[in-house]
Amino acid sequence: MKKVFANSFKTFVCIVFLSFTIIGIAQSSSGINNFLKPSDTLNKSRRNAIVISQASAGVLTLIALDQLWYADFERTKFRTTNDNNQWLQMDKLGHVYAAYQFGRLGADTFKWAGVSKKDQLIYGATLGFSFLTAVEVFDGFSQEWGFSWGDMIANATGTGLYVGQELLWDEQRIALKYSFNRTEFAPLNPDKLGNGFAEEFLKDYNGQTYWLSFNLNSFFKSDCIPNWLNFAVGYGANGMLTGSNDDLNFPNQDRYRQFYLSFDIDLTRIKTNSGVLKTLFSIFNTIKVPMPTLEFNGKNGVKAHYIYF
(Lines give C-alpha, C1' and ligand atoms only; values in the text may rest on other atoms or scores of the structure.)
Protein backbone atom coordinates (compact mmCIF):
# COMPACT_ATOMS: atom_id res chain seq x y z
CA MET A 1 0.00 0.00 0.00
CA LYS A 2 2.92 2.35 0.69
CA LYS A 3 4.97 1.51 -2.39
CA VAL A 4 4.83 5.06 -3.72
CA PHE A 5 6.06 6.51 -0.45
CA ALA A 6 8.80 3.90 -0.31
CA ASN A 7 10.09 4.93 -3.73
CA SER A 8 9.94 8.59 -2.71
CA PHE A 9 11.69 7.91 0.59
CA LYS A 10 14.47 6.09 -1.23
CA THR A 11 14.80 8.98 -3.67
CA PHE A 12 15.11 11.34 -0.72
CA VAL A 13 17.75 9.10 0.84
CA CYS A 14 19.65 9.14 -2.46
CA ILE A 15 19.66 12.94 -2.40
CA VAL A 16 20.94 12.91 1.18
CA PHE A 17 23.63 10.43 0.16
CA LEU A 18 24.84 12.71 -2.62
CA SER A 19 24.63 15.77 -0.40
CA PHE A 20 26.88 14.24 2.23
CA THR A 21 29.32 13.23 -0.49
CA ILE A 22 29.54 16.77 -1.88
CA ILE A 23 29.74 18.38 1.57
CA GLY A 24 32.48 16.00 2.65
CA ILE A 25 34.55 16.87 -0.40
CA ALA A 26 33.86 20.60 -0.19
CA GLN A 27 35.17 20.79 3.34
CA SER A 28 38.63 19.79 2.11
CA SER A 29 39.04 22.99 0.09
CA SER A 30 39.03 26.75 0.42
CA GLY A 31 38.51 29.15 -2.46
CA ILE A 32 35.33 28.15 -4.23
CA ASN A 33 36.55 28.73 -7.79
CA ASN A 34 39.74 26.73 -7.30
CA PHE A 35 37.73 24.04 -5.59
CA LEU A 36 35.26 23.72 -8.47
CA LYS A 37 37.86 23.69 -11.25
CA PRO A 38 38.54 20.14 -12.53
CA SER A 39 42.10 18.92 -12.18
CA ASP A 40 44.10 18.39 -15.39
CA THR A 41 46.00 15.50 -13.81
CA LEU A 42 45.24 13.00 -11.09
CA ASN A 43 44.73 14.79 -7.79
CA LYS A 44 45.09 12.04 -5.21
CA SER A 45 43.76 14.10 -2.31
CA ARG A 46 40.58 14.87 -4.23
CA ARG A 47 40.22 11.28 -5.39
CA ASN A 48 40.69 9.96 -1.86
CA ALA A 49 38.19 12.48 -0.50
CA ILE A 50 35.63 11.31 -3.06
CA VAL A 51 36.14 7.62 -2.33
CA ILE A 52 36.04 8.04 1.46
CA SER A 53 33.04 10.39 1.36
CA GLN A 54 31.04 8.20 -1.00
CA ALA A 55 31.84 4.98 0.84
CA SER A 56 31.04 6.48 4.25
CA ALA A 57 27.84 8.15 3.10
CA GLY A 58 26.72 5.00 1.28
CA VAL A 59 27.25 2.73 4.28
CA LEU A 60 25.61 5.16 6.71
CA THR A 61 22.65 5.64 4.37
CA LEU A 62 22.08 1.90 4.00
CA ILE A 63 22.27 1.45 7.78
CA ALA A 64 19.76 4.28 8.22
CA LEU A 65 17.44 2.68 5.67
CA ASP A 66 17.67 -0.66 7.43
CA GLN A 67 16.95 0.76 10.88
CA LEU A 68 14.55 3.60 10.10
CA TRP A 69 12.55 2.17 7.20
CA TYR A 70 12.80 -1.59 6.71
CA ALA A 71 12.61 -2.27 10.45
CA ASP A 72 8.94 -1.20 10.32
CA PHE A 73 8.07 -4.10 8.02
CA GLU A 74 8.24 -7.85 8.47
CA ARG A 75 11.51 -9.47 7.37
CA THR A 76 11.40 -12.55 5.18
CA LYS A 77 13.55 -14.87 3.13
CA PHE A 78 14.83 -13.28 -0.05
CA ARG A 79 12.03 -13.13 -2.60
CA THR A 80 11.29 -11.49 -5.93
CA THR A 81 8.22 -9.66 -7.14
CA ASN A 82 6.87 -8.62 -10.53
CA ASP A 83 5.63 -5.03 -10.36
CA ASN A 84 6.19 -4.16 -14.01
CA ASN A 85 2.52 -3.34 -14.61
CA GLN A 86 2.35 -0.77 -11.80
CA TRP A 87 1.74 2.98 -12.35
CA LEU A 88 1.91 2.64 -16.16
CA GLN A 89 5.69 2.19 -15.72
CA MET A 90 6.22 5.68 -14.28
CA ASP A 91 7.99 4.18 -11.27
CA LYS A 92 10.41 2.38 -13.60
CA LEU A 93 11.27 5.63 -15.35
CA GLY A 94 12.01 7.03 -11.91
CA HIS A 95 14.63 4.31 -11.48
CA VAL A 96 16.11 5.06 -14.91
CA TYR A 97 16.30 8.74 -14.05
CA ALA A 98 17.89 8.17 -10.63
CA ALA A 99 20.54 5.79 -11.99
CA TYR A 100 21.40 8.16 -14.85
CA GLN A 101 21.77 11.19 -12.58
CA PHE A 102 23.77 9.24 -10.02
CA GLY A 103 26.07 8.03 -12.77
CA ARG A 104 26.49 11.50 -14.22
CA LEU A 105 27.36 12.99 -10.85
CA GLY A 106 29.67 10.12 -9.97
CA ALA A 107 31.61 10.46 -13.22
CA ASP A 108 31.76 14.26 -12.90
CA THR A 109 33.22 14.09 -9.39
CA PHE A 110 35.95 11.72 -10.55
CA LYS A 111 36.60 13.97 -13.54
CA TRP A 112 36.98 16.87 -11.07
CA ALA A 113 39.69 14.81 -9.35
CA GLY A 114 41.57 14.27 -12.62
CA VAL A 115 40.81 10.54 -12.75
CA SER A 116 41.18 8.87 -16.15
CA LYS A 117 38.13 8.62 -18.38
CA LYS A 118 38.14 4.82 -18.08
CA ASP A 119 38.04 4.97 -14.29
CA GLN A 120 35.40 7.72 -14.38
CA LEU A 121 33.09 5.30 -16.16
CA ILE A 122 34.04 2.17 -14.21
CA TYR A 123 33.91 3.63 -10.71
CA GLY A 124 32.01 6.89 -11.05
CA ALA A 125 29.24 6.19 -13.55
CA THR A 126 28.30 2.92 -11.82
CA LEU A 127 27.76 4.71 -8.49
CA GLY A 128 23.99 4.90 -8.92
CA PHE A 129 23.62 1.32 -10.12
CA SER A 130 25.63 -0.01 -7.17
CA PHE A 131 23.73 1.98 -4.58
CA LEU A 132 20.29 1.26 -6.04
CA THR A 133 21.16 -2.44 -6.30
CA ALA A 134 21.94 -2.52 -2.57
CA VAL A 135 18.57 -0.89 -1.85
CA GLU A 136 16.84 -3.42 -4.11
CA VAL A 137 18.46 -6.29 -2.18
CA PHE A 138 17.01 -4.79 1.01
CA ASP A 139 13.62 -4.88 -0.71
CA GLY A 140 14.16 -8.58 -1.40
CA PHE A 141 14.28 -9.35 2.31
CA SER A 142 11.13 -7.35 3.08
CA GLN A 143 7.68 -8.94 3.07
CA GLU A 144 6.22 -5.59 1.99
CA TRP A 145 8.26 -5.18 -1.20
CA GLY A 146 10.38 -7.90 -2.75
CA PHE A 147 13.29 -7.73 -5.18
CA SER A 148 12.14 -6.39 -8.55
CA TRP A 149 13.97 -7.42 -11.71
CA GLY A 150 12.06 -4.66 -13.47
CA ASP A 151 13.66 -2.12 -11.16
CA MET A 152 17.08 -3.65 -11.79
CA ILE A 153 16.63 -3.44 -15.56
CA ALA A 154 15.56 0.21 -15.17
CA ASN A 155 18.64 0.93 -13.02
CA ALA A 156 20.89 -0.68 -15.64
CA THR A 157 19.17 1.30 -18.40
CA GLY A 158 19.84 4.60 -16.65
CA THR A 159 23.50 3.74 -16.11
CA GLY A 160 23.80 2.46 -19.67
CA LEU A 161 22.32 5.67 -21.08
CA TYR A 162 25.12 7.66 -19.49
CA VAL A 163 28.00 5.25 -20.12
CA GLY A 164 26.91 4.43 -23.66
CA GLN A 165 26.95 8.07 -24.74
CA GLU A 166 30.37 8.64 -23.21
CA LEU A 167 31.75 5.63 -25.08
CA LEU A 168 30.03 6.50 -28.35
CA TRP A 169 30.31 10.30 -28.46
CA ASP A 170 32.48 11.30 -25.50
CA GLU A 171 29.66 13.63 -24.41
CA GLN A 172 26.03 13.59 -23.28
CA ARG A 173 24.05 14.44 -26.40
CA ILE A 174 20.84 13.10 -24.85
CA ALA A 175 20.05 14.27 -21.31
CA LEU A 176 17.44 12.67 -19.09
CA LYS A 177 15.31 15.28 -17.32
CA TYR A 178 12.35 15.59 -14.98
CA SER A 179 9.40 17.93 -14.48
CA PHE A 180 6.36 18.06 -12.20
CA ASN A 181 2.90 19.64 -12.15
CA ARG A 182 0.32 19.35 -9.36
CA THR A 183 -2.80 17.38 -10.29
CA GLU A 184 -6.34 16.95 -9.00
CA PHE A 185 -5.74 13.28 -8.16
CA ALA A 186 -3.72 13.61 -4.96
CA PRO A 187 -6.70 14.79 -2.82
CA LEU A 188 -8.62 11.68 -3.94
CA ASN A 189 -6.01 9.33 -2.45
CA PRO A 190 -3.56 11.38 -0.36
CA ASP A 191 -2.19 8.29 1.39
CA LYS A 192 -0.56 7.20 -1.84
CA LEU A 193 -0.34 10.40 -3.85
CA GLY A 194 0.57 12.89 -1.15
CA ASN A 195 -0.99 15.60 1.00
CA GLY A 196 0.39 19.02 0.07
CA PHE A 197 2.95 20.05 -2.52
CA ALA A 198 6.03 18.63 -0.79
CA GLU A 199 4.54 15.13 -0.60
CA GLU A 200 2.85 15.29 -3.99
CA PHE A 201 6.13 16.26 -5.65
CA LEU A 202 7.55 12.93 -4.50
CA LYS A 203 4.49 10.69 -4.55
CA ASP A 204 2.08 11.75 -7.31
CA TYR A 205 3.11 9.94 -10.49
CA ASN A 206 0.29 11.73 -12.34
CA GLY A 207 2.21 14.99 -12.13
CA GLN A 208 5.61 13.66 -13.14
CA THR A 209 7.07 13.80 -16.65
CA TYR A 210 10.35 12.25 -17.75
CA TRP A 211 12.15 13.70 -20.78
CA LEU A 212 14.81 12.66 -23.25
CA SER A 213 16.37 15.99 -24.23
CA PHE A 214 18.38 15.90 -27.49
CA ASN A 215 21.01 18.56 -28.14
CA LEU A 216 20.37 19.66 -31.73
CA ASN A 217 23.82 21.04 -32.51
CA SER A 218 25.49 17.81 -31.40
CA PHE A 219 23.61 15.93 -34.10
CA PHE A 220 23.31 18.52 -36.91
CA LYS A 221 26.48 20.64 -36.44
CA SER A 222 24.95 23.89 -37.70
CA ASP A 223 26.04 27.45 -36.93
CA CYS A 224 22.37 28.45 -37.24
CA ILE A 225 21.41 26.43 -34.17
CA PRO A 226 22.36 27.74 -30.72
CA ASN A 227 24.65 25.29 -28.99
CA TRP A 228 22.35 25.17 -25.95
CA LEU A 229 19.09 24.43 -27.83
CA ASN A 230 17.56 21.00 -27.29
CA PHE A 231 14.52 19.12 -28.57
CA ALA A 232 12.76 17.04 -25.90
CA VAL A 233 10.48 14.01 -26.00
CA GLY A 234 8.52 13.38 -22.81
CA TYR A 235 6.42 10.63 -21.24
CA GLY A 236 3.86 10.83 -18.45
CA ALA A 237 0.65 9.16 -17.29
CA ASN A 238 -2.61 10.35 -15.78
CA GLY A 239 -5.76 9.14 -14.05
CA MET A 240 -3.89 6.88 -11.60
CA LEU A 241 -5.15 6.61 -8.04
CA THR A 242 -3.35 3.34 -7.27
CA GLY A 243 -0.62 1.25 -8.85
CA SER A 244 -3.06 -0.81 -10.94
CA ASN A 245 -6.75 -1.08 -11.75
CA ASP A 246 -7.35 -4.10 -9.52
CA ASP A 247 -7.75 -2.06 -6.32
CA LEU A 248 -11.34 -2.60 -5.14
CA ASN A 249 -11.36 0.74 -3.31
CA PHE A 250 -10.76 2.61 -6.59
CA PRO A 251 -12.37 0.45 -9.31
CA ASN A 252 -13.09 3.07 -11.99
CA GLN A 253 -9.77 4.70 -12.73
CA ASP A 254 -9.46 6.45 -16.08
CA ARG A 255 -5.77 5.76 -16.67
CA TYR A 256 -3.97 6.85 -19.82
CA ARG A 257 -0.49 7.59 -21.14
CA GLN A 258 0.79 10.98 -22.28
CA PHE A 259 3.51 11.81 -24.80
CA TYR A 260 5.08 15.24 -25.27
CA LEU A 261 7.16 17.16 -27.80
CA SER A 262 8.90 20.35 -26.70
CA PHE A 263 12.06 22.43 -26.84
CA ASP A 264 14.52 22.59 -23.98
CA ILE A 265 17.80 24.21 -22.94
CA ASP A 266 21.00 22.35 -22.13
CA LEU A 267 22.29 24.56 -19.34
CA THR A 268 25.70 22.88 -19.34
CA ARG A 269 26.36 24.23 -22.85
CA ILE A 270 25.90 27.88 -21.88
CA LYS A 271 29.37 29.44 -21.97
CA THR A 272 30.65 30.94 -18.73
CA ASN A 273 34.00 31.27 -16.97
CA SER A 274 32.41 31.05 -13.54
CA GLY A 275 32.96 27.76 -11.76
CA VAL A 276 29.98 28.48 -9.54
CA LEU A 277 27.64 28.98 -12.51
CA LYS A 278 28.96 25.86 -14.23
CA THR A 279 28.20 23.85 -11.11
CA LEU A 280 24.72 25.34 -10.75
CA PHE A 281 23.99 24.76 -14.43
CA SER A 282 25.03 21.13 -14.06
CA ILE A 283 22.75 20.65 -11.04
CA PHE A 284 19.70 22.32 -12.58
CA ASN A 285 20.23 20.58 -15.92
CA THR A 286 18.45 17.63 -14.32
CA ILE A 287 15.17 19.58 -14.69
CA LYS A 288 13.31 20.35 -17.92
CA VAL A 289 13.09 24.07 -18.74
CA PRO A 290 9.44 25.20 -19.23
CA MET A 291 8.69 25.62 -22.94
CA PRO A 292 5.75 25.51 -25.41
CA THR A 293 4.72 21.87 -25.69
CA LEU A 294 2.51 19.54 -27.72
CA GLU A 295 0.81 16.73 -25.81
CA PHE A 296 -0.53 13.52 -27.37
CA ASN A 297 -2.69 11.14 -25.33
CA GLY A 298 -5.29 8.45 -25.79
CA LYS A 299 -8.05 10.41 -24.09
CA ASN A 300 -7.97 13.96 -25.47
CA GLY A 301 -5.94 13.51 -28.64
CA VAL A 302 -3.63 16.48 -29.28
CA LYS A 303 -3.34 19.32 -26.79
CA ALA A 304 -1.15 22.43 -27.05
CA HIS A 305 0.42 24.02 -23.97
CA TYR A 306 1.76 27.56 -24.27
CA ILE A 307 4.15 26.75 -21.44
CA TYR A 308 4.53 23.30 -19.96
CA PHE A 309 6.84 22.29 -17.16
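This one's a predicted model, so the numbers in the text were calculated from it and none came from an experiment. (Residues numbered from 1 in each chain as written. Predicted model: local features only at pLDDT ≥ 70, side-chain atom pairs only at ≥ 80, totals over all residues. Heavy atoms only, no water.)

### Examining the overall build of the chain
- Counting its secondary structure elements, the chain contains 11 helices and eight strands.
- Taken across its 309 residues, the chain has 49% of its residues classed as buried.
- Long-range contacts, defined here as pairs at least 24 residues apart, represent 70% of the contacts in the chain between residues at least 6 apart. (Helix = DSSP H or I, 4+ residues; strand = E, 2+ residues; numbered from the N terminus. Buried < 20%, exposed > 50% of the residue type's maximum accessible area, 1.4 Å probe, protein only. Contact = heavy atoms within 4.5 Å.)

### Considering the environment of Asn181
- Along the chain, Asn181 turns up in the loop between β3 (174-180) and α8 (190-193).
- Residue Asn181 is classed as partly exposed on the basis of its relative accessible area of 27%.
- If sequence neighbours within four positions are ignored, Asn181 has contacts with Gly207, Tyr308 and Phe309.

### A closer look at the environment of Asp254
- Positionally, Asp254 belongs in the loop between β5 (229-238) and β6 (256-265).
- When its relative accessible area of 44% is taken as the criterion, Asp254 is described as partly exposed.
- Considered as a pair, Asp254 and Lys299 are 45 residues apart in the sequence and their alpha carbons are 9.0 Å apart.
- With residues up to four places along the chain from it excluded, the contact list for Asp254 reads Asn238, Gly239 and Lys299.
- Engagement of the side chain of Asp254 in a polar contact is seen with the side chain of Lys299, the distance being 2.9 Å. (Polar contact = N/O pair within 3.5 Å; in protein donor to acceptor, adjacent residues only side chain to side chain.)

### As for helix α5 (residues 117-124)
- Along α5, the residues classified as buried are Gln120, Leu121 and Gly124. Burial along α5 is one-sided: seen end-on, the buried residues are contained in an arc of 105°. In this structure, α5 carries Lys118 and Tyr123 as exposed residues pointing more than 90 degrees from its buried face.
- Those residues of α5 that are buried lie in contact with α4 (90-112), α6 (127-140) and α7 (149-169). (Arc of directions from axis to C-beta.)

### Some remarks on the packing of helix α3 (residues 44-68) against α4
- In the contact formed by α3 and α4, the axes pass within 8 Å of each other and the chain directions differ by 150°. With respect to each other, α3 and α4 are oriented roughly antiparallel. From α3, Arg46, Arg47, Ile50, Val51 and Gln54 reach across to α4, where they touch Thr109, Phe110 and Trp112.
- Per-class residue counts for the contact of α3 with α4 are four nonpolar, two polar and two charged. (Axes fitted to C-alpha atoms, helices over the stretch in contact; angles between N-to-C directions. Parallel < 35°, antiparallel > 145°, perpendicular 65-115°, else oblique. Nonpolar A, V, L, I, M, F, W, Y, C, P; charged D, E, K, R; others polar.)

### Observations concerning the pattern of salt bridges
- Taken as a whole and judged by the stated rule, the model has 12 salt bridges.
- A salt bridge links Arg182 to Glu200; the shortest N-O distance between them is 2.9 Å. Taken together, the positions of Arg182 in the loop between β3 and α8 and Glu200 in helix α9 (residues 197-203) put the pair 18 residues apart, joining distant regions of the chain.
- For Arg182, a relative accessible area of 51% translates into the label exposed.
- One salt bridge connects Lys299 with Asp254, and the closest N-O pair in it is separated by 2.9 Å. (Salt bridge = Lys/Arg side-chain N within 4 Å of Asp/Glu carboxyl O.)

### Considerations on the side chain of Asn206
- With respect to the helices and strands, the residue Asn206 is situated in the loop between α9 and β4 (208-215).
- Polar side-chain contacts of Asn206 include one of 2.8 Å to the side chain of Asp204.
- There is a polar contact of 3.1 Å between the side chain of Asn206 and the backbone nitrogen of Gly239.
- Setting aside its immediate chain neighbours within four residues, Asn206 contacts Thr183, Phe185, Leu193, Ala237, Asn238, Gly239 and Met240.

### Structural notes on the sheet that holds strand β7 (residues 291-297)
- Taken in spatial order, the six strands make up an open sheet running β3-β4-β5-β6-β7-β8, and their pairing is antiparallel. One side of each edge strand has no neighbouring strand; the edge strands of this open sheet are β3 and β8 (301-308). The average angle at which neighbouring strand axes cross in this sheet is 25°, direction not considered.
- Against the sheet, α4 touches β3, β4 and β5, its axis set at about 125° to β3. (Pairing = 2+ DSSP bridges.)

### Considerations on the packing of α4 against α7
- Contact geometry of α4 with α7 gives a least axis separation of 7 Å together with a crossing angle of 40°. In terms of orientation, α4 lies oblique with respect to α7. Remark: the crossing between α4 and α7 carries right-handed chirality. Every residue of α7 that contacts α4 at Lys92, His95, Val96, Ala99, Tyr100, Gly103, Arg104, Ala107 and Asp108 is listed here: Gly150, Asp151, Ala154, Asn155, Thr157, Gly158, Thr159, Leu161, Tyr162 and Gln165.
- In terms of residue class, the contact of α4 with α7 is built from seven nonpolar, eight polar and four charged. (Left-handed = near helix turned anticlockwise from the far one by under 90°.)

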